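In case you want the letters, here they are:
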Amino acid sequence: MRLGPLTLFFSRSVLYTKGMKKKIFLFPVATCLFVGLLFTPADAQRFPKFSKFSKTAKSARALNRQRQAMQNLDRIDQQLSTIKNVQTSRDLLNDLKVNCDINRNLLNNLKEQMMPRSPVQMVKSILDSECTAKRDDVENALEKMWRLQDRYGDHDLFAVFARQYYSKNFGAVSPHLHVLFKRVGSLHNRDMELQFIKRLQFLSQNKFVLSHAVFADKPHLMLPKKSFRVRYLSNIGKLTADNFSEGQLVLSIERSMSPNPMEDFPIRHVNGRSVVKIDEKVYPVYGFTAPIGGDIASLYTYLLYDKNIRKPLTAVYDKKGQALALYNDDKTLWLRVSPHEYAEPENLHLHLNELRSVEFTAKNGALFNERVNLNLSIPLSTPAGAPIVSGKDFFFNQLIYKPVELFKKDPNITVKERPIY
């Protein structure tokens, strides 16, 4: 059966489209044979003649298609030549396979599908069955959570899992921990996730034994559940699976300052009856009432100096997060002021932290040496003239910005601008 020129042109376009994908090297030869066999001068006599304009337009389009085809062929030929010049080896192929497997697994994790219930409900059912007061099988719980991820995708399930497990054992989740759990989950490293949750379990199981070791001189001291928290000491923003250290995840014991010695929670030279001298005036640290601004900077430095012995300090100013952290010379004592501390005018306070080493014996008889973060909450009095509503900007300026400007002029204090978490 003989094909006419239009049929030939349509067939040639199809060959070109398919040839670019599957038979690219056969295209030039197949096309020449096709034209030589099917198109003859006699064919031209069977078709009506077109105007000169129409011929010119079609010829231009045909030339443009040919030019594009040649450019595509040249580009693909260059790509093929590059691939041919690569010296393949067993190691190279193995590396490519490993990278492909990693990327495939990551994409499978991130590709989310509709779950039969919300992630919160799904995780809750797992923890209710695997992590009870009598049996705390976090490894099996994690395995079930991972199977959900394999089937439905990421859904931030690890962060949900960590928050719920933490709440069951410690209480309310702080903003610091929200960021930490989210960060760990975003890394999609299951070895790290297991190590992280096992560390949380260890701290939960030993929190009371640890507190008794810290307060050995107060054997009758009973701490409520809300006093126990967990803290990651390193920079969360730079956390990776490679630099994660479970030893940096420590138990934190938080108490409020009290003028009553029986209820007080002293940290080094600071207790509920401490006073600070500013411009020949003496102010109690508890419920600090001096005009804030420049005077609050004097309170900050007093809290970190051991009995007025001036040593180098480091101030970390988090401009974006509107927060401040101030560290002593060996970073075992530090002060934190963030929006949480000044969000409510009637609840202004500071957090003075100490990192203390302690030895304790676990329930199984094993001896451990741990670091514990002692967190002293120091109440401040609301200054006269402070705005009752919308005071966040005011207190940021008074509690953070002004002290930082003073610190920059103090040769004893190094000011760095970066996130404090």
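Only a predicted model underlies this, so the values are computations on that prediction, with no experimental measurement involved.

Engineer: Residue-level account of the sheet that holds strand β8 (residues 349–361), with values.
Structural biologist: In space, the 8 strands of this open sheet follow the order β1-β2-β9-β8-β7-β6-β5-β10, with mixed pairing throughout. At either margin of the open sheet sits one strand with a lone partner, and together these are β1 (228–232) and β10 (413–417). This sheet shows a mean twist of 25° between the axes of neighbouring strands, independent of strand direction. Inspection of the sheet shows strand β5 (residues 313–318) paired to strand β6 (residues 323–327) by 5 bridges, in the antiparallel sense. Note that in β6 the partner of Ala315 across the bridge is Leu326. Contacts between helix α11 (residues 207–214) and the sheet are confined to β1, β2 (249–256), β8 and β9 (367–379), with β8 contributing the most and set at about 95° to the helix.

Engineer: An account of empty space enclosed by the protein is requested, with residue identities and associated values reported.
Structural biologist: Applying the stated criterion to the full structure yields 2 cavities of 30 Å³ or more. Counted as a void, the largest cavity has a volume near 40 Å³. Along its surface, the largest cavity is lined by Gln149, Asp154, Asp156, Leu157, Phe158, Ala159, Lys182, Gly185 and Ser186. Of all the secondary-structure elements, those providing two or more residues to the lining of the largest cavity are α8 (157–169) and α9 (175–186). In terms of residue class, the lining of the largest cavity is built from 3 nonpolar, 3 polar and 3 charged. Here the second largest cavity is characterised by a volume of approximately 30 Å³. Along the walls of the second largest cavity sit Ser211, His212, Phe215, Lys218, Leu221 and Leu223, which together make up its complete lining. A class-by-class count of the residues in the lining of the second largest cavity yields 3 nonpolar, 2 polar and 1 charged.

Thresholds, definitions, all that
- Throughout this description, residue numbers start from 1 for each chain and increase along the sequence as written.
- The model is predicted, so local features are restricted to residues of pLDDT at least 70 and side-chain atom pairs to those at 80 or more, both for listing and for counting; the totals for chains, interfaces and linings are taken over all residues.
- Excluding hydrogens and water, the side-chain values take into account all heavy atoms of the structure.
- Any two strands with at least two DSSP-identified bridges between them are counted as paired.
- For the purposes of this entry, the term helix denotes a DSSP run of H or I that reaches at least four residues, the term strand denotes a run of E that reaches at least two, and both are numbered from the N terminus.
- Interaxial angles span 0 to 180 degrees and are taken between N-to-C directions of axes, which are lines fitted to C-alpha atoms, for helices over the stretch in contact.
- Contacts were defined at the residue level, with two residues in contact if any of their heavy atoms lie within 4.5 Å.
- The way it works is a 1 Å grid over only the protein atoms, where trapped points that fit a 1.4 Å probe form a cavity and open points with protein on both sides within 12 Å along at least five of seven lines form a pocket, and then any residue with an atom within 4 Å of a point lines it.
- Grid points are joined across faces, edges and corners, and a volume is the space filled by probe spheres set on the points.
- For this classification, the nonpolar set comprises Ala, Val, Leu, Ile, Met, Phe, Trp, Tyr, Cys and Pro, the charged set comprises Asp, Glu, Lys and Arg, and every other residue, Gly included, is treated as polar.

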